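Per-entry structural report
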2 protein chains.
Amino acid sequence: MQIRDEASTALLTDQYELTMLAAALADGSARRQCTFEVFARRLPHGRRYGVVAGTGRLLDALSGFRFGPGELAVAAKFLPANTVDWLREYRFTGDIDGYAEGELYFPGSPILSVRGNFADCVVLETLILSIFNHDSAIASAAARMVSAAAGRRLIEMGSRRTHELAAPSSSRAAYLAGFDATSNLEAVRSFGVPGAGTSAHSFTLLHSGADGEHEAAAFSGQIDALGVGTTLLVDTFDITRGVATAVEVAGPELGGVRIDSGDLGVLARQVRDQLDELGATGTRIVVSGDLDEYAIAALRAEPVDVYGVGTSLVTGSGAPTAGMVYKLVEVDGIPVAKRSSHKQSRGGTKKAVRLARATGTIVEEIVYPAGAPAPATDGFQVRELQVPLVRAGEPVDGVATLARSRELVAQGLVSLPWEGLKLSDGEPAVPTTFLD
Amino acid sequence: MQIRDEASTALLTDQYELTMLAAALADGSARRQCTFEVFARRLPHGRRYGVVAGTGRLLDALSGFRFGPGELAVAAKFLPANTVDWLREYRFTGDIDGYAEGELYFPGSPILSVRGNFADCVVLETLILSIFNHDSAIASAAARMVSAAAGRRLIEMGSRRTHELAAPSSSRAAYLAGFDATSNLEAVRSFGVPGAGTSAHSFTLLHSGADGEHEAAAFSGQIDALGVGTTLLVDTFDITRGVATAVEVAGPELGGVRIDSGDLGVLARQVRDQLDELGATGTRIVVSGDLDEYAIAALRAEPVDVYGVGTSLVTGSGAPTAGMVYKLVEVDGIPVAKRSSHKQSRGGTKKAVRLARATGTIVEEIVYPAGAPAPATDGFQVRELQVPLVRAGEPVDGVATLARSRELVAQGLVSLPWEGLKLSDGEPAVPTTFLD
């Protein structure tokens, strides 16, 4: 049940990819050179930008996309022998270019271009989309929370509100987008995200007896074990009494208090005043409990030091999947595209540049045919958005380290025009022009 | 990156569980006998019932919840040596009672009662909640789709819109709730869910050349490889032409056609008429593309044979997490509960019964203290809802097989009063009475 590098990712695949493979091997079309493109037709309702995330995890998952005996046994139940033989030898040997992890994206941005023969590329559809749709949804929501928090510390604590194996990836995506720490220990191990967390209400309630509650005993126990720098949860019974008891037990050097219920703004002010009166002027106030980017922003004027965010983070704050698709756009050098209603796409392998003013503020994205010359850019600063990610099946060295991806999100947020950072519903922060 | 039974699940845990453990071991409170209860304070907005799912996966994950050298190395970075030593020997040795997998639940239903000493139970909080909150969210949404489909076939195809390792669990939860098949091959392997899937638009587009498109060649290739019983995707270019070509190539014995875009109701009628005129009266119509329970219900009058459901299924159709919590309710026989605002809970270990009329239609759920006699039930049929799931750390044999859980959902849906199956926003289908 745990993420293991050596395990196969090959069955994280939709059956139709392998039936298409069988048909394409049989009629010879499997050898045609193809480009598949990953893009989002639109951003989630009202969002002004998205954050590309998942690249680092995809590069790891690619190396595990091999069919061993267990995977082949499943495939053999519905595939002809020659297809099973082909899968036995499969490893991806194509190239992938794409937006760097942490880059902002907009509707139609060619986030990945996957190139190789049809057989090589078609089997990766589900794995690529699952990773990117999940991680980008979380990172995109997280980035809004980061800008709402305006520099205050953010802890991701949503593991319990998402699939147990999605949780570490959510922590990674949140950290990438600028969160400071996570509650999830597998994310600490797998991705090196800093860990955080001290206690829950159960620990205080545990110190109850036939004679009633003993909050002071719980606080003493925690401080003895974790030191005076710990954060005490003060809202199990009565917050004012909880704060008084906390400082009584810990002294004014207490690291922090956490409030997990009630009107957090009012309570934060009361608790700050109370702490200051008790001389605990350095004790931080941590708030948690159904926070999202709007609640975080609404607390900006209050004396909150740390936000703990759970459900809304891991569910993408209303947009739990990024809605990216994986579409065949070119076959043997010829652009192809679905034509029927509502789901048209643009054929051909593409590149993209983003234009910025001298100040660094971005003004436009231009998507153009990969074979065409770069578009004229009227004196703006120009940055090419696709970078090489995979060459002949091998990840390009150092192309998606978490530290670098985190830096890129921070740079991206700074580059947005001011309307782009508004939390209210709006249009994409910059327009995208598609050149034929 | 794959689900492996032998791997440890122990770090799928929030850090605070282990810091609480350290403090509880230090002050002796770790040995107190506790009951933790899993319940949902409320159903997602407007929902009339929930479906318990995750039990089978939890029982598997429990046996993998052991701290090996890798897990201990992470723990040792923030825990004292005696706590690390304790974790080295840890396996859960307590008892768990709970609603059977597939049982319906309502606000406040005591879905699980986890009993043991504090240390034994506290470390399982995140694992239990992650599994139940995910799987129950998916199963609850899926059950609404199943009742909307009114007996027509449903295929789960949402893997690409959720985390790659959440996808197989989503398939399992959908199947449990009454779906017929899944696109996800890992779900086929891990859980025995029937697989389904034939082709995507890319396969048709692949058969393009400098001289244009060759839909007939794509259809031929697919039929040669997969047989005439396959389902051809007919909406890549023009649906009417696509259907004509499909029957021309496959003959009237063609298994099915799939429509993935446009006004599915109008198109299904047109395509049915066209197929019938061509003599393909047995060819099934599969529809897909942004379906949810409302769209499924809206197509009830149309000649649709199979629904393919993706995004809305794996994102819980607006409720991606079930919102269950894990609360300490009893310590050494004494009920305990948090008292501060908004998040009060009811102390004490509980049991629950569900009352039904002689027809089997349920009328009420009664939650009562585990130590009290079963409540008076006025001549109604009475069913006790909690069953033994784990005894002394070991799963009770055969208690959560997928086949049995699936049967239980079907029985549960039949037992609901008719308003309970309405898709519109409403109150819980039956009231719950809490006895002190």
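Residue indices follow the written sequence of each chain, beginning from 1 at its first position. Note on labels: chains are lettered from A, ligands numbered from 1, in written order. This being a predicted model, a pLDDT of at least 70 is required before a residue's local features are given, and a value of 80 or more before pairs of side-chain atoms are given or counted; all residues contribute to the totals for chains, interfaces and linings. Remark: hydrogens and water are excluded; side-chain values derive from all non-hydrogen atoms of the structure.

What follows concerns the interface of chain B and chain A. Every residue pair with non-hydrogen atoms within 4.5 Å of one another is taken to be in contact. Contacts between the two partners involve 108 residues from chain B, matched on the other side by 108 residues from chain A. Of the roughly 8,900 Å² buried between chain B and chain A, counting both surfaces, carbon and sulfur atoms make up 60%. A salt bridge links B:Arg160 to A:Asp14; the shortest N-O distance between them is 2.9 Å. Ranked by the residues each element gives to the side of chain B that touches chain A, the list is headed by helix α1 (residues 15-27) of chain B, at 10 residues. Each residue belonging to the side of chain B that touches chain A can be placed in one class, and the counts come to 44 nonpolar, 40 polar and 24 charged. Note on definitions: buried area is the accessible-area loss of two parts on being combined, 1.4 Å probe, summed for both. Any carboxyl oxygen of Asp or Glu that lies within 4 Å of a side-chain nitrogen of Lys or Arg is treated as forming a salt bridge with it. Counting from the N terminus, the helices are the DSSP runs of H or I reaching at least four residues and the strands are the DSSP runs of E reaching at least two. For this scheme, ten residues count as nonpolar: Ala, Val, Leu, Ile, Met, Phe, Trp, Tyr, Cys and Pro. Four count as charged, namely Asp, Glu, Lys and Arg, and the remainder, Gly too, count as polar.

Time to look at the sheet that holds strand β3 (residues 95-99) of chain A. Residue and element names in this part refer to chain A. Two strands are said to pair when DSSP picks up at least two bridges between them. Pairing is antiparallel in the open sheet, where seven strands are placed in the order β15-β14-β1-β5-β3-β19-β20. The sheet is open, and its two edges are formed by β15 (334-335) and β20 (394-395), each paired on a single side. The sheet contact formed by β3 and strand β5 (residues 112-117) spans four bridges and is antiparallel. Across the sheet, residue Gly98 finds its bridge partner in β5, namely Leu112.

This next bit is on the domain arrangement of chain A. One widely used convention gives an interface's size as the accessible area the parts lose upon coming together. All names here are of chain A. Examined at the domain level, chain A breaks down into domain 1 (15-138 + 319-434) and domain 2 (150-316). How far each domain reaches was decided by an automatic or database domain assignment. Distance from the C-alpha centre of domain 1 to the C-alpha centre of domain 2: 38 Å. If you look at the interface, domain 1 gives 21 residues, while domain 2 gives 21 residues. For the pair domain 1 and domain 2, the summed buried area comes to about 1,600 Å², and 61% of that belongs to carbon and sulfur atoms. It is Ile138, Leu402 and Arg406 in domain 1 that bury the most area against domain 2; as a group they hold 42% of the surface buried on that side. Counting every contact that joins domain 1 to domain 2 gives one salt bridge. A salt bridge links Glu101 to Arg172; its shortest N-O distance comes to 2.9 Å. Here a polar contact is taken to be a pair of N or O atoms separated by no more than 3.5 Å, where protein atoms must pair a possible hydrogen donor with a possible acceptor and residues adjacent in sequence count only if both atoms sit in side chains. The tally of links between domain 1 and domain 2 comes to seven residue pairs in polar contact (both at pLDDT 80 or more). Looking at the side of domain 1 that touches domain 2, the elements that each hand over two or more residues are α2 (55-63), α6 (125-149) and α15 (402-415).

Time to look at the relation of the copies chain B and chain A. We place the copies in one frame by least squares, fitting the C-alpha atoms of every residue whose pLDDT is at least 70 in both. Take chain B, turn it by 180°, move it 0.0 Å along the axis, and it overlays chain A with an RMSD of 0.0 Å. Here the two chains are linked by the operation of a two-fold rotation axis. Both copies present the same face, since 100% of the interface residues in chain B are matched by interface residues at the equivalent positions in chain A.

Residues and elements named next belong to chain B. As for its placement among the helices and strands, Asp292 is situated in the loop between β12 (284-288) and α13 (293-298). With relative accessibility at 21%, the residue Asp292 sits in the partly exposed group. Sequence separation between Asp292 and Gly348 is 56 residues; the distance between their C-alpha atoms is 39 Å. Not counting residues within four places of it along the chain, the set of residues in contact with Asp292 comprises Met145, Ser312 and Ser317. A polar side-chain atom of Asp292 sits 3.1 Å from the main-chain amide nitrogen of Tyr294. Separated by 2.9 Å, the side chain of Asp292 and the backbone nitrogen of Ala295 make a polar contact. Only protein chains enter the accessibility calculation, which uses a 1.4 Å probe; a residue whose area is less than 20% of its type maximum is buried, one above 50% is exposed, and one in between is partly exposed.

To continue, consider the UniProt feature "domain: Nicotinate phosphoribosyltransferase N-terminal" (unreviewed entry) in chain A. UniProt positions are given in the numbering used here, feature names are shortened, and annotations may be inferred rather than shown by experiment. Mapped onto this numbering, the UniProt entry annotates "domain: Nicotinate phosphoribosyltransferase N-terminal" (unreviewed entry) at residues 11-133 of chain A. Secondary structure within residues 11-133 of chain A divides into 43% helix and 19% strand; the distance between the first and last C-alpha atoms comes to 18 Å.

What follows covers the packing of aromatic side chains. Stacked, tilted and edge-to-face are the three classes assigned to paired rings of Phe, Tyr and Trp, where Trp is represented by its six-membered ring and a pair needs centres within 6.5 Å; plane angles under 30 degrees give stacked, over 60 edge-to-face, the rest tilted. One pass over the full model with this rule turns up 12 aromatic pairs over all chains. Their ring planes at 15° and their centres at 4.7 Å tell us that A:Phe36 and A:Tyr326 sit as a pair that is stacked. With A:Phe36 in strand β1 (residues 33-40) and A:Tyr326 in strand β14 (residues 324-331), this residue pair connects regions lying 290 residues apart in the sequence. Take A:Phe36: its relative accessible area is 1%, and that puts it in the buried class. Ring-pair connections join several aromatic residues into one group, and the members of that group are A:Phe36, A:Phe118, A:Tyr326 and B:Phe203. Counting as a charge over the ring demands two things of the Lys NZ or Arg CZ atom: a distance within 6 Å of the ring centre and an angle within 35 degrees of the ring normal. For the cation-ring pair, B:Arg172 lies above B:Phe191, with the distance from its terminal atom to the ring centre recorded as 5.7 Å. Over the ring of B:Phe434 we find B:Arg346; its NZ or CZ atom is 3.7 Å from the centre of that ring.

With 14 residues, helix α15 (residues 402-415) of chain B should reach 20 Å at 1.5 Å per residue; the first-to-last C-alpha distance of 20 Å fits that figure. For α15(B), the secondary structure elements touched by its buried residues are β2 (50-51), β4 (104-105), α6 (125-149), α7 (167-176), α8 (185-191) and β17 (362-369) of chain B. Multiplying 1.5 Å by the helix residue count minus one yields the expected span of that helix.

Bringing the sheet that holds strand β6 (residues 153-156) of chain B into the picture now. Note on sheets: strands pair through backbone hydrogen bonds, and any given pair is parallel or antiparallel. Residue and element names in this part refer to chain B. Strand order in the open sheet formed by six strands is β7-β6-β13-β12-β11-β10, with parallel pairing between adjacent strands. Looking at strand neighbours, the two that pair on one side only are β7 (181-182) and β10 (231-233), the edges of this open sheet. Two strands pair when backbone bridges link them, and β6 and β7 are joined in this way by two bridges, in the parallel orientation. Residue pairing for β7: Glu156 is matched across the bridge by Thr182.

Our next topic: the nonpolar core. A:Leu112 and B:Leu112 are the most contacted members of the largest nonpolar core, which has 140 residues in total. Setting aside residues up to four positions removed in sequence, A:Leu112 forms contacts with A:Phe36, A:Glu37, A:Val38, A:Leu58, A:Ile96, A:Asp97, A:Gly98, A:Ile128, A:Phe132, A:Gln386 and A:Leu389. In terms of nonpolar packing, the next biggest core, distinct from the first, is built from 61 residues, A:Met145, A:Val146, A:Val247 and A:Leu291 among them. Put simply, a nonpolar core is a bunch of buried Ala, Val, Leu, Ile, Met, Phe, Trp, Tyr and Cys residues held in one set by side-chain atoms that sit within 4.5 Å of each other.

Attention shifts here to the pairing of strand β3 (residues 95-99) of chain B. Residues and elements named next belong to chain B. Within β3, four of the five residues are buried, leaving the element largely enclosed by the surrounding structure. Two elements, β3 and strand β19 (residues 386-391), share four bridges in a ladder whose sense is antiparallel. When the sheet's bridge partners are listed, Tyr99 is paired in β19 with Gln386.

Next up on the list: the environment of B:Ala322. Residues and elements named next belong to chain B. Along the chain, Ala322 turns up in the loop between α14 (311-314) and β14 (324-331). Placed 183 residues apart in sequence, Ala322 and Ala139 show a C-alpha to C-alpha distance of 9.9 Å. Excluding its chain neighbours within four sequence positions, the residues that come into contact with Ala322 are Ala40, Tyr105, Phe132, Asn133, Ser136 and Ala137.

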